[in-house]
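Spelled out from the first residue to the last, the chains are:
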Amino acid sequence: MAGLSFLICLLTLWCYDWSKRDWLGIEAIKSMKSYEGGNRAARLFAWLMQKGDTVAMVALSIKFDPFITMVYLRHGAFNGMSRRDWRIFLASFLISNAYWILACYMGISLVEWLWQALRGFWA
């Protein structure tokens with residue numbers, strides 16, 4: 001799945017640059033940096049985005065995917081990928097996949113623990 005995720009993000013990026021249109025609202029995500037409304041989660045997200053590129057990369061990698069993370073953090077728009085952009089893309093790919101691997105592992109472990117607890121309760 002990680003390999004497929006990598007290919008899908010890369011193909012989406014190429015289509016995004018080729019179309020030269022912001023059809024995913026990346027600019028809306030960039031505007032969240034200055035959010036001051038009443039939604040606590042959105043305010044937390046805005047605060048994280050203001051803490052610098054590294055914090056933004058981790059937050060975006062967990063919340064979204066490597067494509068959106070790289071497009072958000074790259075300089076300029078629709079201009080391909082520089083060395084810096086490739087580093088961001090690959091780091092985001094690793095962070096997001098590690099997060100989902102951990103989340104799935106924890107979910108499966110929780111279900112297994114509950115199963116064992118219930119099985120011991122009924123035995």
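Residues numbered from 1 in each chain as written. Predicted model: local features only at pLDDT ≥ 70, side-chain atom pairs only at ≥ 80, totals over all residues. Heavy atoms only, no water.

Draft legend 1. Spotlight on the layout of surface pockets. Its volume calculated, the largest pocket comes out at about 210 Å³. Forming the walls of the largest pocket are M1, A2, S5, C9, F64, D65, P66, S96, N97, W100 and I101. Elements supplying a minimum of two residues to the lining of the largest pocket: α1 (2–19) and α6 (83–122). Element by element, the count of residues in the lining of the largest pocket is highest for α6, at four residues. In terms of residue class, the lining of the largest pocket is built from seven nonpolar, three polar and one charged. Approximately 150 Å³ is the volume found for the second largest pocket. Lining of the second largest pocket is provided by M32, A41, A42, L44, F45, L48, A59, I62, K63 and F64. Residue contributions to the lining of the second largest pocket peak at five residues, all from helix α3 (residues 40–49). For the lining of the second largest pocket, the per-class residue count stands at nine nonpolar, no polar and one charged. (1 Å grid on protein atoms, 1.4 Å probe; cavity = no way out; pocket = protein on both sides within 12 Å on 5 of 7 lines; lining within 4 Å. Points joined across faces, edges and corners; volume = space filled by probe spheres on them. Helix = DSSP H or I, 4+ residues; strand = E, 2+ residues; numbered from the N terminus. Nonpolar A, V, L, I, M, F, W, Y, C, P; charged D, E, K, R; others polar.)

Draft legend 2. Spatial organisation of the nonpolar core. Core analysis: the biggest nonpolar cluster contains 21 residues, and M49, F67, M70, V71 and Y72 have the highest contact counts within it. Breaking this core down by element, the ones donating at least two residues are α1, α2 (26–31), α3, α4 (53–63), α5 (66–73) and α6. For this core, the element with the most residues is α5, which contributes six residues. If we skip the residues at most four places from it in the chain, F67 touches C9, T12, L13, Y16, L24 and F89. (Core = buried A, V, L, I, M, F, W, Y, C linked by side-chain atoms within 4.5 Å. Buried < 20%, exposed > 50% of the residue type's maximum accessible area, 1.4 Å probe, protein only. Contact = heavy atoms within 4.5 Å.)

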